[in-house]
2 protein chains.
Amino acid sequence: MIEQKLSESQQDYLKIVLNLINEKKVARIKEIATRKDVSMPSATEAMRRLFNEGYIQYSAREFIELTTTGEKVAHWLSSKHSFLKHFFSDVLNINEELADREACAIEHHLSNSTLERMILLYQFLNECEKNDSRTINLFKECLKAAEGGAPSSVACRNCFIARNFPHNPGAKTQHTLLANLSRGQDGQIVMLGPDSEIRLSLIDKGLLPGSLFHVEETGDADSPFVIQTNGCLIELDEEAAKMIEVAIEQPK
Amino acid sequence: MIEQKLSESQQDYLKIVLNLINEKKVARIKEIATRKDVSMPSATEAMRRLFNEGYIQYSAREFIELTTTGEKVAHWLSSKHSFLKHFFSDVLNINEELADREACAIEHHLSNSTLERMILLYQFLNECEKNDSRTINLFKECLKAAEGGAPSSVACRNCFIARNFPHNPGAKTQHTLLANLSRGQDGQIVMLGPDSEIRLSLIDKGLLPGSLFHVEETGDADSPFVIQTNGCLIELDEEAAKMIEVAIEQPK
DNA sequence: TTGCATAATTAGGCAAGCCTAATTAACTTA
DNA sequence: TAAGTTAATTAGGCTTGCCTAATTATGCAA
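Residues numbered from 1 in each chain as written. Chains lettered and ligands numbered in written order. Predicted model: local features only at pLDDT ≥ 70, side-chain atom pairs only at ≥ 80, totals over all residues. Heavy atoms only, no water.

**Student:** Any details on the overall build of chain A? Residues and values, ideally.
**Tutor:** The helix and strand inventory of chain A stands at 10 helices and eight strands. Here chain A holds 252 residues, and the buried ones make up 50% of them. Long-range pairs, those at least 24 residues apart, make up 58% of the contacts in chain A between residues at least 6 apart in sequence. On chain A, roughly 12000 Å² of surface is accessible, and the fraction owed to carbon and sulfur atoms is 49%. (Helix = DSSP H or I, 4+ residues; strand = E, 2+ residues; numbered from the N terminus. Buried < 20%, exposed > 50% of the residue type's maximum accessible area, 1.4 Å probe, protein only. Contact = heavy atoms within 4.5 Å. Areas by Shrake-Rupley, 256 points an atom, 1.4 Å probe, with all protein chains shown as cover.)

Structure (structure tokens):
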């Protein structure tokens, strides 16, 4: 909340200053420039700006120190960053390095209220008594399954299949596979199937859960399906069309 | 993936052009400027840039149309946006308007691989057979409880309390409340308690799940607890200290 | 204490994205 | 078809955040 007046770049500088002071007792222009991957003059200029706005104590060639405000803001930014990193790595199971980069990328853009809900989700998945870590472990299994043709993927595949064949008693009737639709029908994507490669290609095409579409052409082994979404025509081969669970208005 | 060469601002313009074409058949400078909340000259300039880079068909005072590339990219950006909006509103239960703004804010900054995992989490929570929507509903109950002193919050409060009193047989022994620690101990925050107001104040102070800290001073009803985290000293009253579940190295 | 290496700063420039004011083109309507 | 309105563009300027090259300050070593 307090940091609103700082640009993204300035926020990054401030965090770097805090980290350097914590790690090495002093923050020097050279290190700041290195960590931010900019030239030293850029770092000097940034320090001047932070000084003018009251976040650091700075005068040419002297020690750089955080003011009380600066310390508060920097600490808050760091906390947010590390929570997001935890979220990415503990919930989404993203490796540390990427988790760190992603946290950096989005930390400047999340409102506090969304952050709070992510915290609640995090706590719910990892700590809620009622779940007793059953849920997060189940999700991690699914992630593993989703990542490749690992043996455990059988579970996810079965789940997907179970939902999409009419003889499955648990199937929700208004759901089906895109491959089963006929020309002219409208629908909404509910779920992408368990094949990692196909799923990535669907994501690349912008076919994600929630997308609304209209079937232009039904295909078969030889000719592609054509659907329209967002005013764009998209072609899909049969295999892909069988990997998309959709919801439709009236059962066909 | 394709959009990497476009700046954030350009990506926004491109999406706006797509939306206008879909909604009104034509995209005009004035509307673009209005939606982006910039002046018309800025929109003109942006169109020139998008034209130079091959995303749109444009020459002064003529119709603006998307090229094939432009259409692909714009569609992909829109899809990503609307998935994120779905995620925020369906999973985190954020209202439509804020969900839309938050999606806007972070869509430019998420890698595809993180996006894929968010999709998997979304699918898992909303659609996984094994969960059968039990989990997401449970989470939404928790959200409701977390939001205010609603009657249902009793559940969450009980859950939090159950974990944090030693006579609870299910309690994980290495977890306790921050209020129970003594001076000099180190710990890590695991969970913020069920009181909405206190939780927000903790978030504001940068005390989030995952934060590492060191107890400087234990407090009581009269004097505050002081903990150090990230090189900063933070004061907490007793009530707040009782709302923070922590993990410690050795049980006290 | 002189000299050299390193750190920091100054000076001057550039691109992206925005702005306002002024101008030009295009539509509309009497 | 001439006038007035609205849309779009041009011209010129500003800020942020970066850069390189040149300069100045600092600290260590002989």
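There's more to say after this.
**Student:** Describe the relation of the copies chain A and chain B, listing the residues and the values that go with them.
**Tutor:** Laying chain A over chain B is done by rotating through 180° and shifting 0.0 Å along the axis; what remains is an RMSD of 0.0 Å. Read as a symmetry element, the transformation amounts to a two-fold axis. Minimal C-alpha distance to the rotation axis in chain A is attained by A:Ile106, lying at 2.8 Å. A high fraction, 100%, of the interface residues of chain A reappear at the interface in chain B, so the copies pair face to face through one surface. (Least-squares fit on C-alpha atoms with pLDDT ≥ 70 in both.)

**Student:** I'd like to hear about the protein's contact with DNA strand C, residue by residue, with values.
**Tutor:** Around DNA strand C sit 22 residues in total, of which A:Arg48, A:Tyr58, B:Ser7, B:Ser39 and B:Ser42 are the nearest. Protein-proximal atoms of DNA strand C, defined as those within 4 Å of the protein, fall in sugar or phosphate at a share of 71%. In the environment of DNA strand C, a phosphate oxygen lies 2.8 Å from a nitrogen or oxygen atom belonging to the backbone of B:Ser39. In this structure, a sugar or linking oxygen belonging to DNA strand C sits 3.4 Å away from a side-chain N or O atom of B:Arg61. (Near = heavy atom within 4 Å. Polar contact = N/O pair within 3.5 Å; in protein donor to acceptor, adjacent residues only side chain to side chain.)

**Student:** With reference to specific residues and values, describe the interface of chain A and chain B.
**Tutor:** Between chain A and chain B, the contact holds 75 residues from the first and 75 residues from the second. Carbon and sulfur atoms supply 62% of the area that chain A and chain B bury against each other, a total of about 6700 Å² over both sides. The tally of links from chain A across to chain B stands at two salt bridges. Across the salt bridge formed by B:Glu116 and A:Arg199, the nearest N and O atoms sit 2.9 Å from each other. Joining chain A to chain B, the criterion identifies 21 residue pairs in polar contact (both at pLDDT 80 or more). For the side of chain A that touches chain B, the element with the most residues is helix 6 (residues 112-127) of chain A, which contributes 15 residues. Looking at the side of chain A that touches chain B residue by residue, the classes come out as 37 nonpolar, 22 polar and 16 charged. (Buried area = accessible area lost by both parts, 1.4 Å probe. Salt bridge = Lys/Arg side-chain N within 4 Å of Asp/Glu carboxyl O. Nonpolar A, V, L, I, M, F, W, Y, C, P; charged D, E, K, R; others polar.)

**Student:** For the protein's contact with DNA strand D, give the residues involved together with the corresponding values.
**Tutor:** Lining the immediate surroundings of DNA strand D are 22 residues, of which A:Ser7, A:Ser39, A:Ser42, B:Arg48 and B:Tyr58 lie closest. Expressed as a percentage, the sugar and phosphate content of the atoms of DNA strand D within 4 Å of the protein is 69%. Here a phosphate oxygen of DNA strand D and a side-chain polar atom of A:Tyr13 are 3.2 Å apart. In this structure, a sugar or linking oxygen belonging to DNA strand D sits 3.4 Å away from a side-chain N or O atom of A:Arg61. Secondary structure elements with two or more residues in the surface near DNA strand D: helix 1 (8-24) and helix 3 (40-52) of chain A together with helix 2 (29-36) and helix 3 (40-52) of chain B. When grouped by side-chain class, the residues that make up the surface near DNA strand D number eight nonpolar, five polar and nine charged.

**Student:** Please give an account of the side chain of A:Arg199 that cites residues and values.
**Tutor:** Checked against the element boundaries, A:Arg199 lands in helix 9 (residues 196-204). Since its relative accessible area comes to 3%, A:Arg199 is described here as buried. When sequence neighbours within four positions are dropped, the list of residues in contact with A:Arg199 reads A:Ala146, A:Leu192, A:Gly193, A:Pro194, B:Glu116 and B:Leu120.

**Student:** Which residues make up the packing of aromatic side chains, and what are the values?
**Tutor:** Within the structure shown, the criterion is met by six aromatic pairs over all chains. Here A:Phe87 and A:Phe88 contribute two aromatic rings whose centre-to-centre distance is 6.2 Å and whose plane-to-plane angle is 80°, an arrangement assigned as edge-to-face. No difference in accessibility class separates A:Phe87 from A:Phe88, as the two residues are buried. An angle of 75° between the planes, with centres 5.4 Å apart, marks the rings of B:Phe83 and B:Tyr122 as edge-to-face. In this pair, B:Phe83 is assigned in helix 4 (residues 68-91) and B:Tyr122 in helix 6 (residues 112-127), connecting sequence segments 39 residues apart. Each member of the pair, B:Phe83 as well as B:Tyr122, carries the same accessibility label: buried. By the ring-pair criterion, three or more aromatic residues cluster together here, those being A:Phe83, A:Phe87, A:Phe88 and A:Tyr122. Here the guanidinium or amino end of B:Lys36 rests over the ring plane of B:Tyr13, the centre of that ring lying 4.3 Å away. (Phe/Tyr/Trp six-rings, centres within 6.5 Å; stacked < 30°, edge-to-face > 60°. Lys NZ or Arg CZ within 6 Å of the ring centre and 35° of its normal.)

**Student:** Outline helix 4 of chain B, supporting the account with residue identities and numerical values.
**Tutor:** Over its 24 residues, helix 4 of chain B runs 34 Å from end to end, which matches the ideal 34 Å to within 8%, given 1.5 Å per residue. Residue B:Asn93 follows helix 4 of chain B closely and has a positive phi angle near 60°. (Expected span 1.5 Å × (residues − 1).)

**Student:** Can you break down the pairing of strand 5 (residues 212-217) of chain B residue by residue, with the values?
**Tutor:** Regular strands place side chains that alternate from one sheet face to the opposite one. All names here are of chain B. Two elements, strand 4 (residues 186-192) and strand 5, share three bridges in a ladder whose sense is antiparallel. Bridge pairing in strand 5 places Gly-187 opposite Phe-213. The pairing of strand 5 with strand 6 (residues 225-229) spans three bridges and is classified as antiparallel. Within the sheet, the bridge partner assigned to Val-215 lies in strand 6 and is Ile-227. (Pairing = 2+ DSSP bridges.)

**Student:** Which residues make up the pattern of salt bridges, and what values go with them?
**Tutor:** Residue and element names in this part refer to chain B. Throughout the structure, instances matching the rule amount to 22 salt bridges over all chains. Lys-85 is the salt-bridge partner of Asp-100, the closest N and O atoms lying 3.5 Å from each other. Within this pair, whereas Asp-100 is found in helix 5 (residues 96-107), its partner Lys-85 is found in helix 4, the two being separated by 15 residues in sequence. Residue class for Lys-85 comes out partly exposed when judged on its relative accessible area of 22%.

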